[in-house]
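Observations on the model geometry
Spelled out, the chains give:
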Amino acid sequence: MPQSCISFHGVERPTQKMSRKCENVKKMNVAYNVCSFAPPKAPSAMELSSPNSMKLKYISLGVLVLQTSSLVLTMRFSRTLKEEGPRYLPSSAVVSAEVLKISVCTLIVFVQNNLSVRALNQHLKEEIVNKSADTLKLAVPAAIYTLQNNLLYVALSNLDAATYQVTYQLKILTTALFSVSMLGKKLGFYQWLSLLILMTGVTLVQWPTESTGDSEQKVLSASSRFVGLMAVLMACISSGFAGVYFEKILKETKQSIWLRNIQLGFFSFLLGFVGMLVVDGGSVRRAGMFQGYSVVTCVVVMLQAFGGLVVAVVIKYADNILKGFATSVSIIVSTLISYFILADFNPTIVFFTGTVLVIASTFLYSYEVKIPSTSAITV
């Protein structure tokens, strides 16, 4: 049939071209099959106004690049900054970021409930307390995200921002593998090829280079680099698993992203606080939880707390190509600032080759083969 149709006892009636949805209907004791069609969505004002759409895309690109680059660079700067007194505790910064995130999300939900404290309490009770089984499911990704956030501090304490940025793109590989194993997702040829290119690029980026200095300094440099690499790899694995697990939960429930972040933040705060007492309990008792905090530390905490929330809002305006472009620009920005400002990075031809491969793989992974639609639809 050249057109979509509704079939009544074999009689075809042409309809507008719509998405197919077949169901059995029984009416007036006469059974017939209806191939109903959902009408196409009307273009939104944003889609109709191309200048506004392009403006939002450019704003999204700027926000993604700013968030990705600024967090990594400020975190690296804060971990290498030489100041008098003790350096701030990464575990404390993670806990502080979770408290700030919970506060912001609670404030947003409060506004959504017409600034009513009673309505807010009722809403939180219905969605969190009364649905305790669903809430407890988030304890798993919360624990993994807490571990991941602490690992990022370890990684950036031992790796320059450029190397970290490129290596951390391995989370694409781990997310893809967990998506295949946990969600049954099928990857196409270009996606598998991009993962192979990604692994090759990261291998080149981590390729050892000749370092200046005496043998003791070389050993310390190699040891620090190995610790940073292991931290990044563990962070990539935890990021991939937690992301896919969280996606699976989101598909099963219909709660807002702000409510989900409150639940995640609650468990992350509890687990992070316990972890801080276990790992850095002695330091906390001696100098307090906020020892070594400075303006830079506060900026890092704010970026870590707000970054994910801002990206979650902006990401709906960014397509796969834009996200890949944002990743590429972030890597370039981190490389330039690491070399010219932080002065902790000496690029090589091997590094640049690996970086180009990683950037290419991010675009290739998002490449979608468009299958031409046929005019005939079988009903």
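Please read these numbers as outputs of a predicted model, since none were measured by experiment.

Reading the values: rules and limits
The residue numbering used here restarts from 1 in each chain and proceeds along that chain's sequence as written. Where totals are concerned, whole chains, interfaces and linings use all residues; where local detail is concerned, this predicted model gives features only for residues with pLDDT of at least 70, and gives and counts side-chain atom pairs only at 80 or more. The side-chain quantities take in all heavy atoms of the structure and omit both hydrogens and water. For the purposes of this entry, the term helix denotes a DSSP run of H or I that reaches at least four residues, the term strand denotes a run of E that reaches at least two, and both are numbered from the N terminus. Burial classes follow relative accessibility: with a 1.4 Å probe on protein chains only, a residue under 20% of its type's maximum area counts as buried, one over 50% as exposed, and anything between as partly exposed. For this analysis, residues touch if any pair of their heavy atoms sits within 4.5 Å. Where accessible areas are quoted, they stem from the Shrake-Rupley method and a 1.4 Å probe; at the residue level, only the protein chains shown are allowed to cover. Among the buried residues, those of types Ala, Val, Leu, Ile, Met, Phe, Trp, Tyr and Cys that are joined through side-chain atoms within 4.5 Å form a nonpolar core. When we speak of the arc, we mean the arc of directions from the helix axis to the C-beta atoms. Classification of ring pairs uses Phe, Tyr and Trp, with its six-membered ring standing for Trp, and accepts pairs whose centres are within 6.5 Å; under 30 degrees between planes counts as stacked, over 60 as edge-to-face, and the remaining range as tilted. Sitting over a ring, as applied to charges here, requires NZ of Lys or CZ of Arg to be within 6 Å of the ring centre and within 35 degrees of the ring normal. One side-chain nitrogen of Lys or Arg within 4 Å of one carboxyl oxygen of Asp or Glu is enough to make a salt bridge. Every helix has an expected span of 1.5 Å times one less than the residues it contains. In this description, a line fitted to the C-alpha atoms serves as the axis of each element, helices being fitted only across the stretch in contact, and the angle between N-to-C directions of two axes falls anywhere from 0 to 180 degrees. To sort the angles, those under 35 degrees are grouped as roughly parallel, those over 145 as roughly antiparallel, those from 65 to 115 as roughly perpendicular, and the leftovers as oblique. Crossings are assigned a handedness: left-handed for a near helix turned anticlockwise from the far helix by less than a right angle, right-handed for a clockwise turn. Just so you know the grouping, Ala, Val, Leu, Ile, Met, Phe, Trp, Tyr, Cys and Pro go in nonpolar, Asp, Glu, Lys and Arg go in charged, and all remaining residues, Gly too, go in polar. Per-residue confidence from the prediction method is given by pLDDT, with values spanning 0 to 100.

Some details on the overall build of the protein
If you tally the helices and strands in the protein, you get 14 helices and four strands. Buried positions account for 37% of the 379 residues belonging to the protein. Across the protein, contacts joining residues at least 24 apart in sequence account for 78% of those joining residues at least 6 apart. Counting only carbon and sulfur atoms, one obtains 65% of the accessible surface of the protein, whose full area is about 21,800 Å².

A few points about the nonpolar core
Counting residues in each nonpolar core, the largest one holds 41 residues, and the members touching the most others are Met75, Tyr153, Tyr164, Tyr168, Leu195, Leu198 and Val232. For this core, the element with the highest residue contribution is helix H6 (residues 139-158), accounting for five residues. Apart from residues lying up to four places away in sequence, Leu198 is in contact with Gln169, Leu170, Ile172, Leu173, Val358 and Ser361.

Comments concerning helix H4 (residues 117-129)
The set of residues buried in H4 consists of Leu120, Leu124, Glu127 and Ile128. Buried residues of H4, seen end-on, are gathered within an arc of 85° and therefore sit on one face of the element. Seen from the open side of H4, the exposed residues pointing more than 90 degrees away from its buried face are Arg118 and Val129. Where H4 is buried, its residues contact helix H3 (90-112), helix H5 (132-137) and helix H11 (257-287).

Details of the packing of aromatic side chains
Centre-to-centre distance and the angle between the planes together describe a pair of aromatic rings. Scanning all chains against the criterion turns up 12 aromatic pairs. Relative to Tyr153, the ring of Tyr88 lies with its centre 6.2 Å away and its plane at 80°, an arrangement referred to as edge-to-face. With Tyr88 in the loop between helix H2 (50-80) and H3 and Tyr153 in helix H6, the pair connects residues that are 65 residues apart, well separated along the chain. Like Tyr88, the residue Tyr153 is buried in the burial classification. An angle of 70° between the planes, with centres 5.4 Å apart, marks the rings of Phe178 and Phe241 as edge-to-face. Of this pair, Phe178 sits in helix H8 (residues 171-183) while Phe241 sits in helix H10 (residues 215-252), placing them 63 residues apart in sequence. Among the aromatic residues, those joined into a cluster by ring pairs are Tyr88, Tyr153, Phe290 and Tyr293. Just above the ring of Tyr88 sits the side chain of Arg79; from NZ or CZ to the centre is 4.9 Å.

Remarks on the pattern of salt bridges
Tallied over the full model, the rule gives four salt bridges. The partner of Lys101 in a salt bridge is Glu98, with the nearest N and O atoms 3.7 Å apart. Of this pair, Lys101 and Glu98 both sit in helix H3, three residues apart, which is roughly one turn of the helix. Side by side, Lys101 and Glu98 carry an identical accessibility label, which is buried.

Quick notes on unusual backbone geometry
With glycine set apart, most residues show a phi of negative sign, and most peptide bonds adopt trans. Within the chain, Asn114 stands out as a residue other than glycine whose phi angle is a positive 60°. Locating Asn114 in the fold gives a position in the loop between H3 and H4.

Overview of helix H14 (residues 349-365)
Taking 1.5 Å as the rise per residue, H14 with 17 residues should run 24 Å; its terminal C-alpha atoms sit 24 Å apart, in good agreement. Three or more residues of H14 are buried, namely Phe351, Gly354, Thr355, Val358, Ile359, Ser361, Thr362, Leu364 and Tyr365.

Some words on the packing of H3 against H4
Two elements in contact, H3 and H4, have axes separated by 9 Å at closest approach and are oriented at 115°. Compared by their axis directions, H3 and H4 come out roughly perpendicular. By crossing handedness, the relation of H3 to H4 is classed as right-handed. On H4, the residues that touch Thr106, Val109 and Phe110 of H3 are Val117, Leu120 and His123. Along the lines of polarity and charge, the residues of the contact of H3 with H4 split into four nonpolar, two polar and no charged.

Structural notes on the environment of Leu107
The residue Leu107 is located in helix H3 in this model. When the C-alpha positions of Leu107 and Trp258 are compared, they lie 9.5 Å apart, and in sequence the two are 151 residues distant.

A look at the packing of H3 against H11
A pair of packed helices can be characterised by two numbers: the angle between their axes and the separation between those axes. Between H3 and H11, the least distance of the axes is 8 Å, while the angle of their chain directions is 160°. When the axis of H3 is compared with that of H11, the two are roughly antiparallel. Both H3 and H11 take part in a crossing whose hand is left-handed. For the pair H3 and H11, the contacting residues are Ser91, Ser92, Val95, Glu98, Val99, Lys101, Ile102, Cys105, Thr106, Ile108, Val109 and Gln112 in the first and Trp258, Asn261, Ile262, Gly265, Phe266, Ser268, Phe269, Gly272, Phe273, Met276 and Asp280 in the second. Among the residues forming the contact of H3 with H11, the class breakdown is 12 nonpolar, eight polar and three charged.

Some remarks on the confidence of the model for the protein
Confidence in the prediction for the protein averages 79 pLDDT; 77% of positions are at 70 or higher. Between the elements of the protein, mean pLDDT differs from a low of 39, seen in strand S4 (residues 30-38), to a high of 94, seen in H3. Note that pLDDT drops below 50 for residues 1-49; the model gives that stretch 66 contacts with residues more than four away or on any other chain. For residues 371-379, every residue scores under 50 in pLDDT, and the model assigns this stretch 10 contacts once sequence neighbours within four places are set aside.

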